Amino acid sequence: PYPAPNLLLPPNGAPFSASDGTITLQWASVGTLRENEAYMVKVEDLTDSKNLLPVDNVNDTKYILPVSFRPKDNTAHVFSWTIVVVRQSGNTDEDGNPLWEMAGEFSAPRLFSWTSAGEVVPAPSPTP
């Protein structure tokens, strides 16, 4: 199994506002991935449990958050993100999409805040 990826940017607790054009998540490579492997990016909106964000698999060590992830209200939302290496299992779902299985350890989660309003509110510091 691959080790947990080391998360690089943004720093834990970083605040973002509507004036920030994009938010890019970056992590250190765990090594050369095989052709059937990828990094699974999991982002959760901790402020709005009903706002289910899709999980995405990428081959790069960065992920630009889609604008659709931005909160729709004027409240600062706290997001958590983690990365793990996944591998195609060889099976597919009913739509023909490949199924993925864990191939390593999850990174420690990081937090950031994001608001649609102009104000920037820092994310709370994580508790150990």
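Residues numbered from 1 in each chain as written. Predicted model: local features only at pLDDT ≥ 70, side-chain atom pairs only at ≥ 80, totals over all residues. Heavy atoms only, no water.

**Some details on the overall build of the chain**
Part 1 of the argument: Across its full length, the chain carries 0 helices and 9 strands.
Part 2 of the argument: Going from N to C terminus, the chain has its helices and strands arranged as β-β-β-β-β-β-β-β-β.
Part 3 of the argument: Against the globule reference of 14 Å for 128 residues, the chain gives a C-alpha radius of gyration of 15 Å, in line with a compact fold.
Part 4 of the argument: Considering the chain as a whole, with its 128 residues, one finds that 38% of them fall into the buried category.
Part 5 of the argument: At a minimum sequence separation of 6, the contacts of the chain that also span at least 24 residues come to 67%.
Part 6 of the argument: Accessible surface, the chain as shown: approximately 7300 Å² in total, 51% of it carbon and sulfur.
Part 7 of the argument: The average position of the 8 basic charges and that of the 15 acidic charges among the side chains of the chain differ by 4 Å. (Helix = DSSP H or I, 4+ residues; strand = E, 2+ residues; numbered from the N terminus. Rg over C-alpha atoms; globule rule 2.2 N^0.38 Å. Buried < 20%, exposed > 50% of the residue type's maximum accessible area, 1.4 Å probe, protein only. Contact = heavy atoms within 4.5 Å. Areas by Shrake-Rupley, 256 points an atom, 1.4 Å probe, with all protein chains shown as cover. Lys, Arg positive; Asp, Glu negative; His and termini not counted. Charge placed at Lys NZ, Arg CZ, Asp CG, Glu CD.)

**Some points on the sheet that holds strand E6 (residues 62-64)**
Sheets are built from strands that pair by backbone hydrogen bonding, the pairs being arranged parallel or antiparallel.
Part 1 of the argument: Across the sheet, 3 strands lie side by side as E1-E3-E6; this open sheet has antiparallel pairing. Each having just a single partner strand, strand E1 (7-9) and E6 make up the two edges of the open sheet. Going across the sheet, the axis of each strand differs from the next one's by a mean of 25 degrees, ignoring polarity.
Part 2 of the argument: By the bridge criterion, 3 bridges tie strand E3 (residues 24-27) to E6 in an arrangement that is antiparallel. The residue of E6 that forms the bridge with Thr24 is Ile64. (Pairing = 2+ DSSP bridges. Axes fitted to C-alpha atoms, helices over the stretch in contact; angles between N-to-C directions.)

**Details of the pattern of salt bridges**
Part 1 of the argument: For the coordinates displayed, the defined rule picks out 3 salt bridges.
Part 2 of the argument: In this structure, Glu37 engages Arg34 in a salt bridge whose closest nitrogen and oxygen atoms are separated by 3.7 Å.
Part 3 of the argument: When its relative accessible area of 54% is taken as the criterion, Arg34 is described as exposed.
Part 4 of the argument: Glu37 is paired through a salt bridge with Arg87; the nearest N and O atoms lie 2.8 Å apart. With Glu37 in strand E4 (residues 37-45) and Arg87 in strand E7 (residues 77-92), the pair connects residues that are 50 residues apart, well separated along the chain.
Part 5 of the argument: One salt-bridge network, held together by shared partners, links Arg34, Glu37 and Arg87. (Salt bridge = Lys/Arg side-chain N within 4 Å of Asp/Glu carboxyl O.)

**Quick word on the pairing of E3**
Each regular strand carries side chains that alternate between the two faces of the sheet.
Part 1 of the argument: On E3, burial follows the alternation: Leu25 and Trp27 on one face are buried, whereas Thr24 and Gln26 on the facing-out side are not.
Part 2 of the argument: As defined by bridge partners, E1 adjoins E3 across 2 bridges and the pair is classed as antiparallel. Across the sheet, the residue bridging to Leu9 is Gln26, located in E3.

**Quick look at the packing of aromatic side chains**
Part 1 of the argument: Scanning the model with the defined rule gives 4 aromatic pairs in all.
Part 2 of the argument: Seen from their ring centres, Phe16 and Phe112 are 5.9 Å apart, and the 85 degrees between their planes marks the pair as edge-to-face. Of the two residues, Phe16 sits in strand E2 (residues 14-16) while Phe112 sits in strand E9 (residues 110-114), which places them 96 residues apart along the sequence. Summarising the burial analysis for this pair, Phe16 and Phe112 share the class buried.
Part 3 of the argument: A network of ring pairs unites the aromatic residues Phe16, Phe79, Phe112 and Trp114 as a single cluster. (Phe/Tyr/Trp six-rings, centres within 6.5 Å; stacked < 30°, edge-to-face > 60°.)

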